[in-house]
Amino acid sequence: MVVFVCAGCGVPLTARVTRVALPDHAHQHHGHDLLPALLEPGTYAVNPEPSGPPWPRWDEVGAEEAEARGVYAPVYSLSYGPTGQIALAPGDVRGTVVIPDRCDGYCCGLDGRDGPNLACAECRSPVATRVDDCSLWGVVWLDPRAVRPVAVEGPACRADEWDGLREEHRRTPPLEPLGWWSPQWTAAVGVALAHLLAASGGRRVAVPDGPVAEAFRGVVDALLPPGPPELRLVLAGPGLPAVAGDIALVPRHPQTGEVWPSGMAAVPLAAGVWASMAFTDDRRLVPAAAGMPEEVRRDDPPPLLPTGPFRPDVDVFLHMLARLPEVREPWLRAIHDLVRERRYGLPFF
């Protein structure tokens, strides 16, 4: 457990926080409304990629320089900001003041386009960037050059056991209250889809029935060549029986970021989404007045149904795919370029 302090004057800038894995939806744009905080209170995450301005265009950087920075396919622009920015829930920030001339946003808040917009209240050094505009997850990004962590006393920070993913409160529900697909699901599946395509080697993949098929089958069938499947995708992880397959959809630990070892080519999926897929409630719906058997559930209230078919987040997918070395293979680069050109067409919209 740590507290981040100003590197200049040593004043504490955060509450006590514990490190967790950076969520897949950290840089997602979703909808047109205000979104909740990116992280749970009392936690922080570190972005391993450069983040923030300046943002030179792809044609200014060139393919060789971009590849040296871990980007293997064209993107609109690349960040030349600091590596290792620290994400926090806005409520965990202390001792900062707003920098008035860096408060630009699109309509409802701050989007961080001008760099750090929070300064240390003691020495007035820029230390962080708050983001809370519409369509963006609420977060404060600490500049790693302006802060330093200080270890503090607190509860032992021990990683949760894998079996804990089976608990219902660890699952990320697929649907929001009005039947819209969860943006956390669309982002997590977008990341996993990029890894799945890379693991396929361009061969047809059979996707298992159930929630995995609802999230992956349509887009996998659309992007990979037609014909009989050559590879089999299976859902694997803690609490599931071993199943033979070629590619395993496995959980990524929510705290450590560790990927569940499966013995097969692994496609990591955010733990909450994986758990919801693995331990979904598939009991039958039946009308009944009393004496409900355990294997069925009432239809009162009726189950929440989606407003439309599931679509992975195309921007998250392209962001991840451009950062996988496999995208240099001609067949996968062709998929990347096709989706990038037709991002508002099927199978993503």
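Residues numbered from 1 in each chain as written. Predicted model: local features only at pLDDT ≥ 70, side-chain atom pairs only at ≥ 80, totals over all residues. Heavy atoms only, no water.

Examining the pattern of salt bridges
Side-chain pairing between opposite charges can occur once the charged atoms of the two side chains come close. Applying the stated criterion across every chain, the model contains 10 salt bridges. With its nearest N and O atoms 2.9 Å apart, the salt bridge here joins Arg 113 to Asp 111. Classification of Arg 113 by relative accessible area gives partly exposed; the value is 39%. On the accessibility criterion, Asp 111 (14% relative accessible area) is buried. Between Arg 333 and Asp 337 there is a salt bridge whose closest N-O contact spans 3.0 Å. Of the two residues, Arg 333 and Asp 337 are both situated in helix 7 (residues 330–341); the distance of four residues between them amounts to about one turn of the helix. A relative accessible area of 31% means that Arg 333 is categorised as partly exposed. (Salt bridge = Lys/Arg side-chain N within 4 Å of Asp/Glu carboxyl O. Buried < 20%, exposed > 50% of the residue type's maximum accessible area, 1.4 Å probe, protein only. Helix = DSSP H or I, 4+ residues; strand = E, 2+ residues; numbered from the N terminus.)

What to know about the packing of helix 3 (residues 183–200) against helix 6 (residues 314–321)
Taken N-terminus to C-terminus, the directions of helix 3 and helix 6 make an angle of 40°; their axes are 8 Å apart at the nearest point. In terms of orientation, helix 3 and helix 6 fall into the oblique class. The chirality of how helix 3 crosses helix 6 is right-handed. When helix 3 is examined against helix 6, the residues Ala 187, Gly 190, Val 191, Leu 193, Ala 194, His 195 and Leu 197 are found in contact with a partner set consisting of Val 316, Phe 317, Met 320 and Leu 321. Here the residues of the contact of helix 3 with helix 6 are counted per class, giving nine nonpolar, two polar and no charged. (Axes fitted to C-alpha atoms, helices over the stretch in contact; angles between N-to-C directions. Parallel < 35°, antiparallel > 145°, perpendicular 65-115°, else oblique. Left-handed = near helix turned anticlockwise from the far one by under 90°. Contact = heavy atoms within 4.5 Å. Nonpolar A, V, L, I, M, F, W, Y, C, P; charged D, E, K, R; others polar.)

Here we look at helix 3
With 18 residues, helix 3 extends 25 Å between its outermost C-alpha atoms, agreeing within 8% with the 26 Å of an ideal straight helix rising 1.5 Å per residue. For helix 3, the tally of buried residues reaches 15 of 18 residues, placing the bulk of the element in the interior. You can read the cap of helix 3 off the contacts: a side-chain oxygen lies 3.1 Å from the backbone nitrogen of Gln 184, and it is on Ser 182. One or two residues past the end of helix 3 sits Gly 201, with phi positive at roughly 65°. (Expected span 1.5 Å × (residues − 1). Polar contact = N/O pair within 3.5 Å; in protein donor to acceptor, adjacent residues only side chain to side chain.)

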